[in-house]
Amino acid sequence: MPSVYVGTYQKYNNGNLFGAWVDVEKFDDYESFIDYCLELHKDEDDPELMYQDIDEIPSLYYSESGIDPRLWDYLSLNDTQKEILNAYREAISEEGDIDDAMNAYQGQFDSDIDFTMDLLESCGDIPKDLPSYVVIDWEATARTIMYDFSESNGYYFRNC
């Protein structure tokens, strides 16, 4: 379960590691999560939350001093959507959302060559009855095509 150990900088700096593991899926949104964490540390006047350990949360969504509010959007996705979004953020833009990713998504392929062959065949750029004596250098074609596309973990995206 996606969770985070929440302490405070004041406690940590005083040698006190008091905090708690918090299951982020128990909260509908960032605001309710933060409210809970502040209540957990209400013994301080103005607690500065510190996220000391993380479990099952992609690194893009946390740092020692903050949790990204977009985490709750991410958690609402199915596993395939999460994989596509993670690949998109790695290949194209860390700031992108699932809509950006799906708009740029071209499919999942084993290699640039497989992607290029599928792309050109589906666009009709390769005639179905190409004579057998015509040989296509798929490696060179893929290198050229890939200037307009990006790949991460087998997921391909149009560079938008």
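Anything mentioned here points back to the structure above.
Here is what the cut-offs are and how they apply
- Residues numbered from 1 in each chain as written.
- Predicted model: local features only at pLDDT ≥ 70, side-chain atom pairs only at ≥ 80, totals over all residues.
- Heavy atoms only, no water.
- Helix = DSSP H or I, 4+ residues; strand = E, 2+ residues; numbered from the N terminus.
- Buried < 20%, exposed > 50% of the residue type's maximum accessible area, 1.4 Å probe, protein only.
- Contact = heavy atoms within 4.5 Å.
- Arc of directions from axis to C-beta.
- Phe/Tyr/Trp six-rings, centres within 6.5 Å; stacked < 30°, edge-to-face > 60°.
- Salt bridge = Lys/Arg side-chain N within 4 Å of Asp/Glu carboxyl O.

## Focus on the environment of Arg70
Logical step 1: By the secondary structure assignment, Arg70 is in the loop between strand 5 (66-67) and helix 3 (71-75).
Logical step 2: For Arg70, a relative accessible area of 21% corresponds to the partly exposed category.
Logical step 3: Beyond its immediate chain neighbours, meaning those up to four positions away, Arg70 contacts Leu60, Tyr61, Arg89, Glu94, Glu95 and Gly96.

## Some remarks on helix 2 (residues 30-40)
Logical step 1: Every buried residue belonging to helix 2 is among Phe33, Ile34 and Cys37, and all of these are buried. Down the axis, helix 2 shows its buried residues gathered within 95° of arc, on one side only.
Logical step 2: The inward-facing, buried residues of helix 2 abut strand 1 (3-8), strand 2 (20-23), strand 3 (49-55), strand 5 and helix 3.

## Side note on the packing of aromatic side chains
Logical step 1: Within this structure, the stated rule accounts for 14 aromatic pairs.
Logical step 2: Aromatic pair Tyr5 and Trp21: ring centres 5.8 Å apart, planes at 70°, arrangement edge-to-face. Of this pair, Tyr5 sits in strand 1 while Trp21 sits in strand 2; the two residues are 16 residues apart in sequence, bridging distant segments of the chain.
Logical step 3: A network of ring pairs unites the aromatic residues Phe27, Tyr30, Phe33, Tyr36, Tyr51 and Trp72 as a single cluster.

## Concerning the pattern of salt bridges
Logical step 1: Counted under the stated rule, the structure contains 5 salt bridges.
Logical step 2: Among the salt bridges present, the one from Glu44 reaches Lys11, with a minimum N-O distance of 2.9 Å. Of the two residues, Glu44 sits in the loop between helix 2 and strand 3 while Lys11 sits in helix 1 (residues 9-13), which places them 33 residues apart along the sequence.
Logical step 3: One salt-bridge network, held together by shared partners, links Lys11, Asp43 and Glu44.

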